[in-house]
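# Report on the structure
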Amino acid sequence: MSETLTVPETVILEVFRYRPEVESEPTFDSFEVPFHPEWMILDALNYIKDDLDGSLSYRWACRMGVCGSCGMLANGQPVLTCATYLESLLPGPIRIEPLEGFPVIRDLVGDIGDFMNKLSDVKAWLIRDEEKPVEDGEYLQTPSQLDDYKQYSMCINCMLCYSACPVYRLEPEFIGPAAIALAQRYNLDSRDEGAEERMDVLSQHDGIWGCTLVGECTEVCPKGVDPAGAIQRYKVSATMDYFKSLLMPRSSS
Amino acid sequence: MKRSREPIIWVLFGGGGMASALFLPVLILVLFIALPLGWVQSAPIDDLQWLVRHPLTRLGLIVFVMLCLFHWAHRFRYTLYDGLQLSHLNEVIAVLTYGMAMVGTVVGAYLIWGVG
């Protein structure tokens with residue numbers, strides 16, 4: 001089977017390097033790594049770090065597509081390096097760069113502080129007007145209530161969508177795809193009562209209205225979250241809310 | 001916190017996208033291709049004139065023209081704003097694009113009301 005295919009012995013990785021203590025401008029280092037059909041890009045990076053250059057810096061943890069920390073650009077495409085076969089990028093050289101839109105701290109590691117702040121700006125957690133006492137038991141939910149938000153809860157905060165979003169790269173104030181999708185995840189949760197609070201942030205220009213529906217976020221999402229769809233759905237709710245408050249100014253504060 | 005007034009524009013944009021996608025190809029096909037080429041038989045001219053002169057038809061056409069123009073304006077505004085990276089001219093661009101849509105709507109209304 002595999003004998004009939006021409007499998008290369010090695011593949012070249014051109015890796016983005018930035019070591020602020022030795023260089024003022026980023027450079028690229030080429031590494032020749034062994035090729036295995038079962039290797040992901042992350043396996044090749046780990047090979048570089050273990051055997052070729054221990055100083056290479058990058059984030060990773062679970063190597064199974066759930067922690068969301070190993071997002072990088074492979075030949076310009078935002079991908080999870082733990083879920084992208086080397087084979088899919090043959091014959092190489094394969095260019096590995098940090099995600100776009102995040103200031104580079106070192107090598108492939110970007111500063112994600114902006115995204116973390118946005119997650120708290122949109123209050124991406126369950127909000128209750130009043131918590132019921134523990135003795136009263138769980139907040140029950142039907143399977144169809146779960147389905148309302150389940151898709152958005154699949155987000156792993158890998159930030160590929162931010163890297164792919166042209167609006168975010170032009171206007172870093174834009175709240176961006178994942179944070180809006182996660183806000184929707186809680187808005188659509190039957191246990192949540194925080195939609196009104198989130199609306200104040202989301203209905204700003206830098207919230208949903210910054211989105212021009214390019215749709216790249218949904219293209220690159222490794223978990224099928226469809227942030228672009230979440231944003232468009234939210235535009236509909238925000239618009240209804242806006243006209244409702246125009247027609248009935250006293251009913252909403 | 002002050003909420004964006006964007007919903008008004010977005011409704012016009014969305015409505016225009018929907019209306020132009022649904023009706024424009026049909027109108028162009030029927031009025032400008034099928035009828036002149038004789039693919040379909042025209043209804044009696046009296047019936048057509050009655051239809052065009054009916055106030056509801058005129059109103060519908062004016063709304064249709066307005067929606068199409070606002071759809072164009074919004075799209076073109078963001079083409080300039082993001083595409084050409086002219087975000088510092090945001091206000092000028094908005095006034096020009098939506099202004100042109102408004103002027104176009106008035107001109108369209110004038111023409112449609114004068115037909116027949």
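Rules used in this analysis
Residues numbered from 1 in each chain as written. Chains lettered and ligands numbered in written order. Predicted model: local features only at pLDDT ≥ 70, side-chain atom pairs only at ≥ 80, totals over all residues. Heavy atoms only, no water. Core = buried A, V, L, I, M, F, W, Y, C linked by side-chain atoms within 4.5 Å. Buried < 20%, exposed > 50% of the residue type's maximum accessible area, 1.4 Å probe, protein only. Helix = DSSP H or I, 4+ residues; strand = E, 2+ residues; numbered from the N terminus. Phe/Tyr/Trp six-rings, centres within 6.5 Å; stacked < 30°, edge-to-face > 60°. Lys NZ or Arg CZ within 6 Å of the ring centre and 35° of its normal. Domains from an automatic or database assignment. Contact = heavy atoms within 4.5 Å. Buried area = accessible area lost by both parts, 1.4 Å probe. Salt bridge = Lys/Arg side-chain N within 4 Å of Asp/Glu carboxyl O.

## Things to note about the nonpolar core
Judged by nonpolar contacts, the single largest core of 72 residues is most densely connected at Leu13(A), Leu45(A), Leu86(A), Ile96(A) and Leu108(A). The leading source of residues in this core is helix α6 (residues 177–187) of chain A, at 7 residues.

## So, the packing of aromatic side chains
All names here are of chain A. A full pass over the atoms with the stated rule returns 12 aromatic pairs over all chains. Taken together, a centroid distance of 6.4 Å and an interplanar angle of 55 degrees make the contact between Phe 102 and Tyr 162 tilted. A residue pair is termed long-range when its members are at least 10 positions apart, and Phe 102 in the loop between β5 (94–97) and β6 (104–106) and Tyr 162 in helix α4 (residues 160–164) qualify at 60 residues. By relative accessible area, Phe 102 is classed as buried at 6%. A residue is classified by how much of its surface remains accessible, and Tyr 162, at 0% relative accessible area, is buried. With a centroid separation of 5.4 Å and an interplanar angle of 85 degrees, the aromatic rings of Tyr 242 and Phe 243 are classed as edge-to-face. With relative accessibility at 13%, the residue Tyr 242 sits in the buried group. Taking NZ or CZ as reference, Arg 95 lies 3.8 Å from the ring centre of Phe 28, over its face.

## What about the domain arrangement of chain A?
By convention, interface size is frequently given as the accessible area that disappears when the constituent parts associate. All names here are of chain A. Splitting chain A by domain gives domain 1 (2–110) and domain 2 (113–247). A separation of 31 Å is found between the C-alpha centroids of domain 1 and domain 2. At the interface, 15 residues of domain 1 touch 14 residues of domain 2. For the pair domain 1 and domain 2, the summed buried area comes to about 1,000 Å², and 65% of that belongs to carbon and sulfur atoms. In terms of surface lost to domain 2, no three residues of domain 1 exceed Pro 78, Glu 100 and Phe 102, which account for 44% of the buried area on that side. The interface formed by domain 1 and domain 2 contains 1 salt bridge. The partner of Arg 169 in a salt bridge is Glu 100, and the shortest N-O contact between them spans 3.3 Å.

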